[in-house]
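Analysis of the macromolecular model
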Amino acid sequence: MADATYDRLVTLLVDVMGLEDDEVQPSSTFSELDVDSLAMVELVLAAQKEFGVEIGEDDLTPEMTIEQTAQFLEAKAVPTR
């Protein structure tokens, strides 16, 4: 997992979702963090803006871990030159 992507995702979760930095762990799922469906929509919109990627409405699920999400975002990212 790319540390920079993970760190940006954690910052997004803290800023957008109001989570505490220390409660977000790589193995945490969105369900465990009490991120509901409305919050998932907000997260998708914020992640699209932050990472410059298109995310389908079913790409992120409550069962995904933060690590899996960071890997997904990393794979979707277009390399900059």
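Here the structure is shown first, and the text comes after it.
In short, a report on the structure. (Residues numbered from 1 in each chain as written. Predicted model: local features only at pLDDT ≥ 70, side-chain atom pairs only at ≥ 80, totals over all residues. Heavy atoms only, no water.)

1. A closer look at the packing of helix α1 (residues 3-17) against helix α3 (residues 66-76)
Applied cut-off: Orientation is described by lines fitted to C-alpha atoms, with helices fitted over the stretch in contact, and by angles between N-to-C directions that extend from 0 to 180 degrees. Under the scheme used here, helices are H or I runs from DSSP no shorter than 4 residues and strands are E runs no shorter than 2 residues, and both carry numbers assigned from the N terminus. For a crossing to be left-handed, the near helix must be turned anticlockwise from the far one by less than a right angle; the clockwise case is right-handed. The contact criterion used is simple: two residues touch if any of their non-hydrogen atoms lie within 4.5 Å. Residues are grouped as follows: Ala, Val, Leu, Ile, Met, Phe, Trp, Tyr, Cys and Pro are nonpolar; Asp, Glu, Lys and Arg are charged; every other residue, Gly included, is polar.
Relative to each other, α1 and α3 sit at 115°, their axes nearing to 9 Å. Read as a crossing pair, α1 and α3 show a hand that is right-handed. Contacts between α1 and α3 involve Thr-5, Tyr-6, Leu-9 and Leu-13 from the first element and Ile-66, Thr-69, Ala-70, Leu-73 and Glu-74 from the second. Taken together, the residues of the contact of α1 with α3 sort by class into six nonpolar, two polar and one charged.

2. Side note on a negative patch on the surface
As a reminder, the rule being used: Patches were defined on residues exceeding 30% relative accessible area and lacking a salt bridge, with like-charge contacts within 9 Å and nonpolar side-chain contacts (Val, Leu, Ile, Met, Phe, Trp, Tyr) within 5 Å. Reported accessibility uses the Shrake-Rupley method at a 1.4 Å probe radius. Residues are deemed covered only where the shown protein chains occlude them. Criterion for a salt bridge: a side-chain nitrogen of Lys or Arg within 4 Å of a carboxyl oxygen of Asp or Glu. As used throughout, the charge tally considers Lys and Arg to be positive and Asp and Glu to be negative, leaving His and the chain termini uncounted. In this description, the location of a charge corresponds to atom NZ of lysine, CZ of arginine, CG of aspartate or CD of glutamate. Accessibility here uses a 1.4 Å probe with only protein chains present; expressed as a share of the type maximum, an area under 20% marks a residue as buried, one over 50% as exposed, and anything in between as partly exposed.
A grouping of Asp-3, Asp-7, Glu-20, Asp-21, Asp-22, Glu-23, Asp-34, Asp-36 and Glu-42 is seen on the molecular surface, where their side chains present a negatively charged patch. Mapped onto the elements of the fold, Asp-22 is located in the loop between α1 and α2 (37-51). A residue is classified by how much of its surface remains accessible, and Asp-22, at 64% relative accessible area, is exposed.

3. Focus: the pattern of salt bridges
Throughout the structure, instances matching the rule amount to one salt bridge. One salt bridge connects Arg-8 with Glu-50, and the closest N-O pair in it is separated by 3.0 Å. In this pair, Arg-8 is assigned in helix α1 and Glu-50 in helix α2, connecting sequence segments 42 residues apart. Taking relative accessible area as the criterion, Arg-8 reaches 35% and is therefore assigned partly exposed. Take Glu-50: its relative accessible area is 37%, and that puts it in the partly exposed class.

4. Looking at the packing of α1 against α2
Note the cut-off: Angle categories are assigned with fixed cut-offs, so that under 35 degrees is roughly parallel, over 145 is roughly antiparallel, 65 to 115 is roughly perpendicular, and the rest are oblique.
It is at 10 Å that the axes of α1 and α2 come closest, and there the two elements cross at 135°. Classed by the angle they form, the pair α1 and α2 counts as oblique. Along this stretch, α1 crosses α2, giving a crossing that reads as right-handed. Here Thr-5, Arg-8, Leu-9, Leu-12, Leu-13, Val-16 and Met-17 of α1 come into contact with α2, specifically with Ala-39, Glu-42, Leu-43, Ala-46, Ala-47, Glu-50 and Phe-51.

5. Quick look at the environment of Asp-3
Tracing the sequence through the fold places Asp-3 in helix α1. In this structure, the C-alpha to C-alpha distance between Asp-3 and Asp-58, residues 55 residues apart in sequence, is 24 Å.

6. Brief notes about the nonpolar core
We count it as follows: Nonpolar cores were defined as sets of buried Ala, Val, Leu, Ile, Met, Phe, Trp, Tyr and Cys residues, with membership established by side-chain atoms within 4.5 Å.
In terms of nonpolar packing, the biggest core is built from 25 residues, with Leu-13, Val-24, Phe-30 and Ile-66 touching the most fellow members. Where this core is concerned, the elements lending two or more residues are α1, α2 and α3. For this core, the element with the most residues is α2, which contributes seven residues. If near-sequence neighbours (up to four positions away) are discounted, Leu-13 is found in contact with Gly-18, Leu-19, Val-24, Phe-30, Leu-43 and Ile-66.

What is shown is where atoms sit, not what they do.
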